[in-house]
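Letter by letter, the chains look like this.
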Amino acid sequence: MQFLLHMDQKSSISSTRSLRLFLNKVNQQELDDTTHYSSDIPGLTDFQTTVVNYALVGLTSPGSFASTEFDVESLDNTGFSLLHSASKYVTLLLKLLCSKHYEVRLQVLQYMKETFRVTDSCSLRDNSDGIEDANYESFLVLHSHLITMAFSLEKHPACLVEVFNLLTCTSGKMEFPWHLNDKSMSCIEVLQLTSELRNASRRDEVCCAVHGFSGTLVPFVYQQMQEILLQKTSPVERVLQPLSEWLALLHHSARIDQSIESREVAATVVKQSAPWLLEDPTDILGIRVFTSWKVLVDILQDEDAVVRDIIAGVVWQLRRHITSLDKGVLDVVSHVQPTLALELSIEAMVNIWWKKNRDACLTTLVEWIEDDQDEKDKPASEERLFERGEINTYREEVTFQRLVGKHLRLCSKRPVLL
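Residue numbers run consecutively from 1 along every chain, following the written order of its sequence. The model is predicted, so local features are restricted to residues of pLDDT at least 70 and side-chain atom pairs to those at 80 or more, both for listing and for counting; the totals for chains, interfaces and linings are taken over all residues. Working from all heavy atoms in the structure, the side-chain values ignore hydrogens and water.

Caption draft 1: View of the nonpolar core. The biggest cluster of nonpolar side chains holds 101 residues, and the ones touching the most others in it are M112 and W293. Helix and strand definitions here come from DSSP, where helices need a minimum of 4 consecutive H or I residues and strands a minimum of 2 consecutive E residues; each element is numbered from the N-terminal end. It is helix α19 (residues 338-356) that provides the largest number of residues to this core, a total of 10 residues. Not counting the four nearest positions on each side in its chain, W293 is found in contact with L278, L318, S345, A348, M349, I352, W353 and W368. In these notes, a set of buried Ala, Val, Leu, Ile, Met, Phe, Trp, Tyr and Cys residues joined through side-chain atoms within 4.5 Å is what counts as a nonpolar core. Each residue is assigned to one of three classes by its accessible area relative to the maximum for its type, calculated with a 1.4 Å probe on protein chains only: buried under 20%, partly exposed between the two thresholds, exposed over 50%. Here, residues are in contact when the closest pair of their heavy atoms is within 4.5 Å.

Right under this line is the structure:
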C-alpha cells in the first residue's frame with residue numbers, strides 16, 4: 001500500500017480499475033473494523049497509520065488510487081478540499097480522531113492543520129468561495145469535537161499541541177458560543193479553561209500551544225466584557241477577573257527564566273493583541289493595561305534576537321501615537337530595530353495614557369525604574385556566578401532607566417489637564 005501511494009504521487013503509472021477497487025475495499029474494511037486489537041501486536045500501529053494516510057490522500061488528491069471509493073470529482077487540488085467536501089469527509093475525520101492510537105490522531109491533526117492553513121484569510125461562510133451552509137454545519141461538528149479533545153478527551157501531549165495549533169488557525173472564524181460536552185461556552189469561559197489548563201500542565205510545548213491559542217480569543221473576550229460592563233449587572237472586578245488571571249500568565253510566560261518558545265509565544269500574543277491589550281480603546285481594563293505594557297518592554301529587552309524581532313513589529317501598530325519621528329515614516333517602515341522600538345513604545349504609552357490616566361502612567365514609569373534598580377542591586381549568588389540561567393545578558397538597565405527617565409522629565413513639562 002505504501003509503495004502504491006509513493007508511485008501514485010511520484011509518477012503517472014496507470015492502474016486498472018479492479019486494482020483500485022481492491023485497494024479501496026481493503027482500506028474501507030480496515031476503517032470500518034471495530035475490533036480492538038492489542039497494541040502489542042508488532043507493526044499494528046504502522047499499518048494503521050498507513051491506512052489513514054491512504055484515506056487522507058483520497059480526500060486531497062482526486063486522481064489518486066485512494067480517491068476511487070469516494071466521490072471527489074467536484075474537489076480541486078488547491079487545499080480547500082475539506083471545506084468544499086460533503087459531510088461524509090468530516091465524518092471520516094471524526095472517526096479517525098477517535099482512534100485509540102495517538103499516532104493516528106496525530107497524523108490526522110497534522111493533515112487538518114495543513115489543510116486549514118491555506119484558508120487562513122477566508123471566511124467559512126463565504127458562499128462566493130463555494131462553501132455552503134451544509135458544509136459549514138459539518139465543520140461546526142468537527143470544531144466541537146476539537147474543543148472536546150482540547151479540554152477533555154486528549155491526553156497525549158503531542159496530539160494536544162496539534163489540537164491547539166489547529167484551533168489557533170480556525171478560532172478567529174468560529175462564532176460563539178462554542179460547545180463542550182453539550183454545554184455552551186462563551187469566549188470568556190473558554191479563556192478561563194485555557195488558564196486552568198495552562199496552570200495544570202507541566203509540559204512546556206503544551207503551555208506554549210495553549211497560550212498561543214488563547215491569544216486569538218482576546219478580541220472576542222474584550223468585546224464581550226465591554227458588553228457586560230455596559231449592562232452594569234456585574235461588578236467590574238468579577239467581569240475582568242478572567243482576563244486579569246490570563247494577563248498574569250502572559251507576564252509569567254515572558255520572563256527570562258522561561259523557554260525561548262514561551263517568550264516567542266508571549267511576543268506574538270502581545271503583538272497580535274496590541275489594539276486591545278495596549279490601547280484599550282473603550283477604557284475597560286483600568287490599571288491592568290499597564291501589565292501588558294510591562295510585558296512589552298520586558299520582551300523588547302529579551303536576550304534572544306528572534307523574540308525581540310517579533311515584538312518590535314508592534315511599533316507599526318502604535319505608529320499613530322508616536323510623534324518623535326517624521327509623519328509617515330512608520331507607514332512605510334513596518335519593522336524597526338528593537339532598541340529604537342523600546343524607546344518608541346515608551347513614548348506611545350505616555351502619549352496614549354497621559355490624558356486617560358495620568359497618575360497610573362507616572363506610577364508605571366517610576367515602578368519600571370525601581371524594578372530595574374532592585375534587579376541591578378541584587379547580589380549575585382554563588383549558584384548564579386557562572387550560570388546564565390535566569391540572567392538576561394542583553395538587558396541594559398542603565399539604558400532603560402535613562403529612556404524612562406527621559407520620558408518622566410518630558411511628562412513633568414506636559415500641561416496638567418484638570
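Caption draft 2: Layout of helix α11 (residues 218-231). The length a helix should cover is 1.5 Å for every residue beyond the first. Here α11 contains 14 residues, and its C-alpha end-to-end distance of 20 Å stays within 8% of the 20 Å for a straight helix at 1.5 Å per residue. Buried residues belonging to α11 abut α9 (187-200), α10 (204-215), α12 (236-253) and α14 (274-277).

Caption draft 3: Expanded view of unusual backbone geometry. Cis geometry marks the peptide bond from F176 to P177, where omega comes out at 5 degrees. If you trace the backbone, P177 turns up in the loop between α8 (157-170) and β1 (178-180). The phi torsion at D283 lies on the positive side, around 55 degrees, for a residue other than glycine. Classification of D283 as partly exposed rests on a relative accessible area of 46%.

Caption draft 4: Fine view of the packing of aromatic side chains. What counts as a ring pair is set by centres within 6.5 Å for rings of Phe, Tyr and Trp (its six-membered ring), and what kind of pair is set by the plane angle: stacked under 30 degrees, edge-to-face over 60, tilted for all other angles. In this structure the tally under the stated criterion is seven aromatic pairs. Among the aromatic side chains, those forming a connected cluster through ring pairs are F151, F164, F176, W178, F213 and F220. We note R319 situated over the ring of W316; from NZ or CZ to the ring centre the distance is 3.8 Å. Here K356 stacks its cationic end above the ring of W353, 4.8 Å away from the centre of that ring. Working rule: Lys NZ or Arg CZ, within 6 Å of ring centre, within 35 degrees of ring normal, means a charge sits over the ring.

Caption draft 5: Region of interest: the side chain of S292. Tracing the sequence through the fold places S292 in helix α15 (residues 289-299). With relative accessibility at 2%, the residue S292 sits in the buried group.

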